[in-house]
Amino acid sequence: MKGLIKGLGTTLSTFTRKSVTIEYPDEKHVLSVRERSFPVLTWDFDHDEPFCTGCNVCVRNCPVDCMTAMMMDNPKYTEGTSNRRKIVEKFWIDYARCMRCNICVEVCPFEAIVMDNNWTGHEHAAYDRRDLHLDLDDLLKVSRAGELTVPFRPQDSIEALEAEAKGEAPPEIAFKGARPEARQAQLERIARGEKAAIQEREPEKPKVAARAAGAPGAAGEEVEILSESKLRAKRMRAEREAKAFTDRGEPVPPEIQAAVDKYRSMKPGEPAPAGAGAAARGGAGEVLTGANPDGSMRFPPGIGEGPKGDPNSPEKVRARRTRAERKFQELTAAGEPIPDDVAKTLYDLGSDLAPGGSIWATLGGAPGGGGTAVAAAPLTGTNPDGSMRFPPGVGTGDKGDPNSPEKVRARRTRAERKYQELTAAGEAIPDDIAKTLYDLGSDLAPGGSIWATLRGGTPPAGAAPAAAPAAEGDKMVFPPGIGTGGKGDPNSYEKVRARRMRAERRAKELQAAGEAIPDDVMATLRELGSPLAGGQ
């Protein structure tokens, strides 16, 4: 009996205890400072580039071989905005293999990799293991966004514990380069009209040579002669500046366009040819072809202008065109016909090998061109055989590549499923879902699919009706204090709107059936300001 009473006492004591459960993911517990998540790369806001130099120390020390890194010359070194002669070009981590041992963080000599101890470092669930292959942009995303508030480095914890054991004040944080404070300082510099990167020293002067006697131009005038690496760096910088104006919808200044034309026409070790600007832009006297004067690939307008890692980036477009040209040459040598998909790729990406004529003939005003073999099917998100149709350049990568048909199909399927779930629940479609549906050619894209754009604005026949996003004036109006919470909060606009739409739908169904509206539904309608409440 005594033991029974003690057991009941223990049970009854739990009634006074505070609940320890939380509603994840709306509520999340605070992570320990020494919690080990997954490694991420850090961004140097002072120099506007990664801390990583691609030295491969972490790669060599990784016990499970889940990391790969590639190094390149740093173009910002010659500009004087960085002291790193080398910089990382590509970096991959396979989170599916990573054992979170922290060795890469311990051996890194540049504080370029840390463990992301926020919840962003833990929530990496995916349906496909290949989606856990993160590239350079993915690994830098958290740091560049200023969300890396508690990066874990063992040395910081060891020094803090030693100071605590000796009764001393904790040491000042040594690693400050990738924290939100550094990002805020960069934003303040930009707001003052300064550059994103700090000017460490004077830019390096380009190598020059005296103009030979009798050459065009003023006597004794110096000309710019660049090495291959410096020429590439200058051309990329000029193209990046021009693209920034284009993305903002502004005209490119003449001096920047002139620099783009100049560096595109130059060859390593040689001065820029006379009239380089007009030639590089396909002016009078030059026939547009798939190659620039310097031998690099020329792409049609809008092709190869995406950021690094994007399917429309110069690197990925160049790789797709190279594969198509190699396939064309192999099939031609074997006397076999050229498949339609290879012909389409050659034409779309500006190759001179396109059967029936290149896209440059079409752009130059000549009739026909290789496009005649690729515009037969109706422009919708579905092929005649029922399979998914993707826009040009999408879903053309090799197996395992983020732009492979399998991965693109999976992303589009997930986005379409999410769209249907949110539509059925009466909730708003997030911008990232809408962008995915549009970019991957889904007919469900809110506001119209990409196929209507490709056809000049005419909606595709047979396309599924897309729910246009609500205009600002069509937004629901709630009573004061309702719908003012942040995204994900129960009082957010999206969640309040969904509750009101469900209540209104229920009320209309009951009215149509001639039944009375329950008190709880009417209370929701009144609370959320629905006109169906009838002013009650």
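Each remark here, short or long, concerns the structure printed above.
Residues numbered from 1 in each chain as written. Predicted model: local features only at pLDDT ≥ 70, side-chain atom pairs only at ≥ 80, totals over all residues. Heavy atoms only, no water.

1. Section: the sheet that holds strand β5 (residues 86-94)
Item 1. As summarised here, the arrangement of the 3 strands in space is β4-β5-β7, forming an open sheet in which the pairing is antiparallel. Of all strands in the sheet, those with a lone pairing partner are β4 (67-73) and β7 (133-134), marking the two edges.
Item 2. Where β5 and β7 come together, 2 bridges link them in antiparallel fashion. Directly across from D94, in β7, lies its bridge partner H133.
Item 3. Here helix α5 (residues 136-144) sits on the sheet in contact with β5 and β7, set at roughly 95° to β5. (Pairing = 2+ DSSP bridges. Helix = DSSP H or I, 4+ residues; strand = E, 2+ residues; numbered from the N terminus. Contact = heavy atoms within 4.5 Å. Axes fitted to C-alpha atoms, helices over the stretch in contact; angles between N-to-C directions.)

2. Some points on the sheet that holds strand β8 (residues 151-152)
Item 1. On the basis of which strands lie adjacent, the open sheet formed by 3 strands has the order β1-β6-β8 and antiparallel pairing. Each edge of the open sheet carries a strand with a single partner, namely β1 (38-41) and β8.
Item 2. Sheet analysis places strand β6 (residues 113-116) next to β8, joined by 2 bridges and oriented antiparallel. Opposite M115, over in β8, you have F152 as the bridge partner.
Item 3. Relative to the sheet, α5 contacts β1 and β6, its axis offset from that of β1 by approximately 90°.

3. A word on the pattern of salt bridges
Item 1. Applying the stated criterion across every chain yields a total of 20 salt bridges.
Item 2. Linking R235 and E239 is a salt bridge whose minimum nitrogen-to-oxygen distance equals 4.0 Å. Pair noted here: R235 and E239 are both in helix α8 (residues 228-247), with a separation of 4 residues, about one helical turn.
Item 3. Taking relative accessible area as the criterion, R235 reaches 16% and is therefore assigned buried.
Item 4. Between K435 and D439 there is a salt bridge; the shortest N-O distance is 2.6 Å. One end of the pair, K435, and the other, D439, are both in helix α15 (residues 431-439), 4 residues apart, so they sit about a helical turn from each other.
Item 5. Residue class for D439 comes out partly exposed when judged on its relative accessible area of 29%.
Item 6. When salt bridges that share partners are traced, they join D44, E49 and R84 into one network. (Salt bridge = Lys/Arg side-chain N within 4 Å of Asp/Glu carboxyl O. Buried < 20%, exposed > 50% of the residue type's maximum accessible area, 1.4 Å probe, protein only.)

4. What to know about the packing of aromatic side chains
Item 1. As enumerated under the stated definition, the model contains 2 aromatic pairs in all.
Item 2. Where Y24 meets W119, the ring centres are 5.6 Å apart and the plane angle is 45°; that geometry is what we call tilted. Taken together, the residues Y24 in the loop between α1 (2-13) and β1 and W119 in the loop between β6 and β7 connect sequence positions 95 residues apart.
Item 3. Since its relative accessible area comes to 48%, Y24 is described here as partly exposed.
Item 4. Here the guanidinium or amino end of R201 rests over the ring plane of Y77, the centre of that ring lying 4.2 Å away. (Phe/Tyr/Trp six-rings, centres within 6.5 Å; stacked < 30°, edge-to-face > 60°. Lys NZ or Arg CZ within 6 Å of the ring centre and 35° of its normal.)

5. With respect to the environment of G350
Item 1. Mapped onto the elements of the fold, G350 is located in the loop between α12 (340-348) and α13 (359-363).
Item 2. Assessed through its relative accessible area of 0%, G350 is described here as buried.
Item 3. Residues G350 and F299, 51 residues apart in the sequence, show an inter-C-alpha distance of 5.4 Å.
Item 4. Beyond its immediate sequence surroundings of up to four residues, G350 is in contact with G290, R298, P300, R321, I359 and W360.

6. A word on empty space enclosed by the protein
Item 1. On inspection of all chains with the given rule, the structure shows 2 cavities of 30 Å³ or more.
Item 2. What the largest cavity holds in volume is close to 90 Å³.
Item 3. Together, 14 residues line the largest cavity, and C52, C55, C58, C108 and A112 are the ones closest to its centre.
Item 4. Considering only residue class, the lining of the largest cavity consists of 11 nonpolar, 3 polar and no charged.
Item 5. In this structure, the second largest cavity is lined by 14 residues; those nearest its centre are C62, C66, C98, C101 and C104.
Item 6. Grouping the constituent residues of the lining of the second largest cavity by class yields 12 nonpolar, 1 polar and 1 charged. (1 Å grid on protein atoms, 1.4 Å probe; cavity = no way out; pocket = protein on both sides within 12 Å on 5 of 7 lines; lining within 4 Å. Points joined across faces, edges and corners; volume = space filled by probe spheres on them. Nonpolar A, V, L, I, M, F, W, Y, C, P; charged D, E, K, R; others polar.)

7. Brief notes about the nonpolar core
Item 1. Counting 36 residues, the largest nonpolar core has L41, M67, F91, I93, Y95, I113 and L139 as its most contacted members.
Item 2. Elements that contribute at least two residues to this core include exactly β1, α2 (57-61), β4, β5, α4 (103-107), β6 and α5.
Item 3. The element best represented in this core is α5, accounting for 4 residues.
Item 4. Setting aside anything within four residues of it in sequence, one finds I113 in contact with P39, V40, L41, T42, M67, I93, C104, V105 and C108.
Item 5. Grouped together as the second largest cluster of nonpolar side chains are 8 residues, A324, F328, V342 and W360 included. (Core = buried A, V, L, I, M, F, W, Y, C linked by side-chain atoms within 4.5 Å.)

8. Thoughts on helix α7 (residues 180-191)
Item 1. Taking 1.5 Å of rise per residue, 12 residues should cover 16 Å, and α7 covers 16 Å from first to last C-alpha, within 8% of that figure.
Item 2. Within α7 the residues assigned to the buried category are A182, Q186 and R189. The arc that holds every buried residue of α7, seen down its axis, measures 60°, which confines them to one face. Residues of α7 that are exposed and point over 90 degrees away from its buried face: E181 and A191.
Item 3. Positioned one or two residues after α7, G193 has a phi angle of 90°, which is positive. (Expected span 1.5 Å × (residues − 1). Arc of directions from axis to C-beta.)

9. Quick word on the pairing of β6
Item 1. With 4 bridges connecting them, β1 and β6 associate as antiparallel partners. Among the inter-strand pairings, V40 is bridged to a residue of β6, identified as V114.

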